[in-house]
Amino acid sequence: MAHNNNDNGAVMNKNKIMMAMVSISASMSTVVLANSEIEQIEKESGKAIEVITVKGQALSRRNFSYSATEITSEDIRSKQVKDINELLEDVPGVSIRDYGLGGVASSTIIRGFGDGAHGGDLGVVIDGVPLNEANSHADGYVDLNVIVPLEVEQVTVYRGPVSALYGNFNRGGLLALETRSSGNYADIDISGGAFDTFDAQMAVGNERNEKHTYNVAAQHFTTDGFRPQSDVQRSTVSGQTRYKLSKKLEFGLSGRYHDASANSAGYVTLAQFEVDPYGIDHRVKNDGTEKEFGTMRADVGYVINQDTKLLTYAYTTQQTFTRWFSRGGAQAASWRQREETYDRDVYGVGTNLNGVVSFGTYDLSYVAGIEHFNEDTDFQFYENLDNRKRVSTAEFNRRSTLISNAMFAEADLNVTKHFNLSLGLRADQFDGECERLGAESADAPCEELESVSNVSPKASIHYSVIDSLQFRASYSEGFALASGFAKFASGAQNLEVNEIKQYEAGLFFLPTANVELDVSVYDIQSSNEINEVTQGEFINFGQTTRKGLEASVKWQISEQFEVRGVFGKNDSEVESNLDLDLLGKEVNGVPDHTATLMLDWFPSDRLRLNTTLRYMGDYFINAANSSSADDYTVLDLLLSYNINVGESSKLFVRVDNVTDEVYASTVNGLGASPGSPRALYAGVQISF
C-alpha cells in the first residue's frame, strides 16, 4: 500500500518500538536482589511468593458492591470471537456502533455515554497498562484489535466511574482485561468464510518448572469485506514470562506487537443507503488506515509477609497510526480527503501495595499506590489530499505532551457475614505542553497546560439478606479534562474539570435454583461541562443527566435448554447549556433501549446450538434531536460439535444475520455505514 511522505517515519517508529522494549527490560533488571540476599530472605521467612498481582486484582471478589460483569476465557472461546467488541453486547446496557471504516475503532455505548473507545467515555486497560490514547484522534481513543481474544483470561466491565484504580476516561465505565499468566495449555482457533475472511489464533502457556512460566499468543486476521474497497488485515503477537527469583521475589516481563492496514469504503449518504446499502460513494477516494503498535511492561513483585505484597511496574507504548478519510456534503460534487497521523510515545511507572489486615473478626483487604505517566503525541493533519498525496501545508503539525501523577486507594471491609463496605479515593494531577513542529495553517491553541487536579471519592455497600437475595448501592465520581487542544489554550487554564457523579442501586436474586436475576438503576450527573464561548476562551457551564435501568436474567430450563437475556434502558436530558435550543434534548448517538436474548440448546453431550437475537433501539444523530437512526434486530446462529466429550476441541459453524436484515450499524451527520449482510463462517478449535 502506498504511503506518501511517511515511509521514513514508519521505519523510525519500528526502531523506536524495538529499542523501547529492550531498554525497559534492561532498566527493570537492576532492581533484582543479589542472590545472597534472596537466599537469606528464604531462610528467614520460609514463605513462597504468590503470582504477581497486577493493579486492581487484589480486590477481585465474587459479589461486587457495584455493577460489574465478568467474562471468562471459557465465555470468550464459546462465542468464537474475532475481536473483543463481539463480547461487549452481552453486557447489560452496553452496545456497539460499528463505524465500518477499516481500522477505525467502533464506539462503545455505556451508561448513556455514546463515545467509549472511539472517544473518552470508556477507560480500557490490559494487565494494568492503559490503552486509551490521551491526545489522539479523539481523547481516550482505544483500538481493541491490538488484543488477541484467545490470550484473555478475564474481562471485567465496570459500569460507571466506580473504580478508584483508574482515573481519566473512566466516565461511563472501565474495561479491565487480564491475560492468561499461568497454566499448561495449547489452544488453536482457525475459522474462515464469507467475504474471504480468515482468522487464526493461538495461545500457549507453559509452567516450565515451579519458578518459571511463559505465555504467548498470536492472531492473523484478513477479510475482503462485504463492500468494495473494504479489505482488512491485522497481525498481533503477545507474550509474557514470569520468574520466581526466590520464594518472596518474582520478576515479570510482557509485551505485544501489532501491525495492521485496511482500505475503507467510507460512508454512504442516507439516500444512497436506501438504494444500494453495500455500495460505495463515487466521491470516496483511496481511504484507509495503517497502524503499528508495540508495548512492553516489566513487573517486580515482592512478598513482604503472608498478608502483604508490593508490586512495582514500568511500561512503555510506542505507536504510529495514519488514517485517510474522504467526506463532504451529500450534494457536493467532490469530497475532500484528509490525513491524520499520530505518533505516540508513552512511558509509565508505578507501585502499589496489596494486603489484608485483620481486626478481630473483621478482614480489611486493600490496594494503594502511586503512578506516573508521560505521553507525547506528534500530530499531523493534512486536508485536500490527492489520493493520499500531500499537496498543501499541514493544517496541524504539533506535539502535545500530557503528564499525569496519581495516588489511589481502595479497601473492602467485611463488617459482618452479610454486610460489606467498600471505600475508594483517587487523586489525579495533570500538566503538559504543546509545541508546533513546523509550518501549520491552524490557529487552534498550542500553549502550556497548567496544573489541573481532581479528587474522586468512591463508596459502595453490599448486603446479603439471604444467600439468594443480595442488595448493593454505590456512589462514585469521575471527571473529564477539556478535550483536544482546548486543554492547551490560555483561555482554558482556570477551568475546573467536568465533574461526573453516579448514584446506583441494584439487587441480585435467585428465586429458584435455576433462575438468576440481576437489576440495577443509576443516575449520573455531568456538571461543570466545558464549553467555548469565543475562540480560545472556555468556561465551565453545562449539565446533563443520564438515568437508566439495566437487567440480566439466566434461566436453566432443563439440562438441554438455557435462556439468557440482557436489557438496558437509558434516558438523558441536557439541563443547562450555552445553546438554549439544546435544553431538554437527549444525548445523541445513545439508544433508549437495547436488548439481547440468547438460547442455548444441548441436544447431546457433543452438540450445542446457540441462538442470539439482538435489538438496537433508535437514537438521535444530532444534538438538536432533529434526525434519528432507525432501530434494528439481528439474529445470529452458532452450531458447535465437541470432537471429544468433555474436551474443548470443537468444530463450529456460525451464521451472522440469519434473516439478512438490512440495517445501518451507525448513522451520523456524515452519513450511514451498513451492517454486515448474512454471512456464513466455519472453523475448528483445538486444545492440547
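Because the structure is predicted, anything quoted here is derived from the model rather than measured. (Residues numbered from 1 in each chain as written. Predicted model: local features only at pLDDT ≥ 70, side-chain atom pairs only at ≥ 80, totals over all residues. Heavy atoms only, no water.)

Engineer: Which residues make up the overall build of the protein chain, and what values go with them?
Structural biologist: When its secondary structure is counted, the protein chain shows 5 helices and 36 strands. Over its C-alpha atoms the protein chain spans a radius of gyration of 25 Å, differing by no more than 12% from the 26 Å that the globule rule assigns to 688 residues. When its C-alpha atoms are laid out on the principal axes, the protein chain stretches across 80 × 60 × 50 Å. Of all 688 residues assigned to the protein chain, the portion counted as buried reaches 55%. Excluding contacts between residues fewer than 6 apart, the proportion of contacts in the protein chain whose partners are at least 24 apart in sequence is 65%. Counting only carbon and sulfur atoms, one obtains 55% of the accessible surface of the protein chain, whose full area is about 28,400 Å². Averaging the positions of the 58 positive and the 95 negative side-chain charges in the protein chain gives two centres separated by 3 Å. (Helix = DSSP H or I, 4+ residues; strand = E, 2+ residues; numbered from the N terminus. Rg over C-alpha atoms; globule rule 2.2 N^0.38 Å. Buried < 20%, exposed > 50% of the residue type's maximum accessible area, 1.4 Å probe, protein only. Contact = heavy atoms within 4.5 Å. Areas by Shrake-Rupley, 256 points an atom, 1.4 Å probe, with all protein chains shown as cover. Lys, Arg positive; Asp, Glu negative; His and termini not counted. Charge placed at Lys NZ, Arg CZ, Asp CG, Glu CD.)

Engineer: I'd love a proper account of the sheet that holds strand β1 (residues 68-72), names of residues and values included.
Structural biologist: Across the sheet, 5 strands lie side by side as β1-β7-β8-β5-β6; this open sheet has mixed pairing. A single partner strand is all that each edge strand has here, and the edge strands are β1 and β6 (129-130). (Pairing = 2+ DSSP bridges.)

Engineer: Just give me the short version of the sheet that holds strand β3 (residues 107-110), but keep the residues and values in it.
Structural biologist: Taken together, 3 strands build an open sheet; the order of strands is β2-β3-β4 and the sheet is antiparallel. The open sheet terminates on both sides in strands that have one partner only, identified here as β2 (95-97) and β4 (113-116). Taking the axes of each pair of neighbouring strands and ignoring which way they run, one obtains an average angle of 35° across the sheet. Where β2 and β3 come together, 3 bridges link them in antiparallel fashion. Bridge assignment links Ile96 to a residue of β3, and that residue is Thr108. (Axes fitted to C-alpha atoms, helices over the stretch in contact; angles between N-to-C directions.)

Engineer: Tell me what's going on with the state of the cysteines, and back it up with residues and numbers.
Structural biologist: Disulfide: a covalent bond formed between the sulfur atoms of two cysteine residues. Applying the stated criterion across every chain yields a total of 1 disulfide. A sulfur-sulfur distance of 2.0 Å marks the disulfide that ties Cys434 to Cys446. For the disulfide bridge between Cys434 and Cys446, the dihedral angle about the S-S bond is near -95°, and by the sign convention the bridge is left-handed. Of this pair, Cys434 sits in strand β19 (residues 419-436) while Cys446 sits in the loop between β19 and β20 (449-466), placing them 12 residues apart in sequence. (Disulfide = S-S within 2.5 Å.)

Engineer: I'd like a rundown of the nonpolar core, residues and numbers included.
Structural biologist: Among the nonpolar cores identified, the biggest contains 33 residues, and Leu101, Tyr315, Phe379, Phe396, Leu402, Leu481 and Phe485 are the most heavily contacted of them. Elements that contribute at least two residues to this core include exactly β15 (308-327), β16 (336-359), β17 (362-382), β18 (396-414), β19 and β20. Ranked by the residues each element gives to this core, the list is headed by β15, at 5 residues. (Core = buried A, V, L, I, M, F, W, Y, C linked by side-chain atoms within 4.5 Å.)

Engineer: Summarise the packing of aromatic side chains; cite the residues concerned and give the values.
Structural biologist: Within this structure, the stated rule accounts for 17 aromatic pairs. Considering the side-chain rings of Phe396 and Phe485, the 5.8 Å spacing of their centres and the 5° angle between planes classify their relative orientation as stacked. One end of the pair, Phe396, is in strand β18; the other, Phe485, is in the loop between β21 (469-480) and β22 (498-512), and 89 residues separate them in sequence. With relative accessibility at 13%, the residue Phe396 sits in the buried group. Seen from their ring centres, Phe430 and Phe479 are 5.9 Å apart, and the 55° between their planes marks the pair as tilted. Highlighted residues: Phe430 in strand β19 and Phe479 in strand β21, separated in sequence by 49 residues. Phe479 gets classed as buried once you look at its relative accessible area, which sits at 1%. (Phe/Tyr/Trp six-rings, centres within 6.5 Å; stacked < 30°, edge-to-face > 60°.)

Engineer: Lay out empty space enclosed by the protein with the relevant residues and their values.
Structural biologist: Counted according to the given criterion, the structure contains 14 cavities of 30 Å³ or more. One number sums up the size of the largest cavity: a volume of about 370 Å³. Lining the largest cavity are 27 residues, with Pro130, Asn168, Phe169, Tyr315 and Phe373 positioned closest to its centre. Counting only elements with at least two residues in the lining of the largest cavity, the list comes to β5 (122-126), β15, β16, β17, β18 and β19. Sorting elements by how many residues they give to the lining of the largest cavity places β17 first, with 4 residues. Per-class residue counts for the lining of the largest cavity are 14 nonpolar, 7 polar and 6 charged. (1 Å grid on protein atoms, 1.4 Å probe; cavity = no way out; pocket = protein on both sides within 12 Å on 5 of 7 lines; lining within 4 Å. Points joined across faces, edges and corners; volume = space filled by probe spheres on them. Nonpolar A, V, L, I, M, F, W, Y, C, P; charged D, E, K, R; others polar.)

Engineer: Give a detailed account of the environment of Asn305, specifying residues and quantitative values.
Structural biologist: For Asn305, the location among the structural elements is in strand β14 (residues 287-305). We classify Asn305 as partly exposed; its relative accessible area is 30%. Counting along the chain gives 50 residues from Asn305 to Gly355, while the straight-line C-alpha distance between them is 9.2 Å. In terms of polar contacts, Asn305 uses its side chain to reach the backbone amide nitrogen of Asp307, at 2.8 Å. (Polar contact = N/O pair within 3.5 Å; in protein donor to acceptor, adjacent residues only side chain to side chain.)

Engineer: Can you break down the environment of Leu87 residue by residue, with the values?
Structural biologist: Topologically, Leu87 is positioned in helix α4 (residues 85-88). Residues Leu87 and Gly192, spaced 105 residues apart in sequence, show a C-alpha to C-alpha distance of 19 Å. For Leu87, the contacting residues outside a window of four places in its chain are Ile71, Ile76, Lys79 and Val81.

Engineer: Go over the confidence of the model for the protein chain, please, and point to the residues and values.
Structural biologist: Caution applies to low-pLDDT parts of the model: their predicted coordinates are not meant to be read in detail. Across the protein chain, the average pLDDT comes to 88, with 90% of residues at 70 or higher. Within the protein chain, helix α2 (residues 35-45) has the poorest average pLDDT of any element, 36, and strand β28 (residues 593-601) the best, 97. This stretch, residues 1-14, has a pLDDT under 50; its non-local contacts, to residues over four places away or in other chains, come to 26 contacts. Across residues 16-62, where pLDDT falls below 50, the model places 93 contacts with residues more than four positions away in sequence or in other chains. (pLDDT = per-residue confidence, 0-100.)

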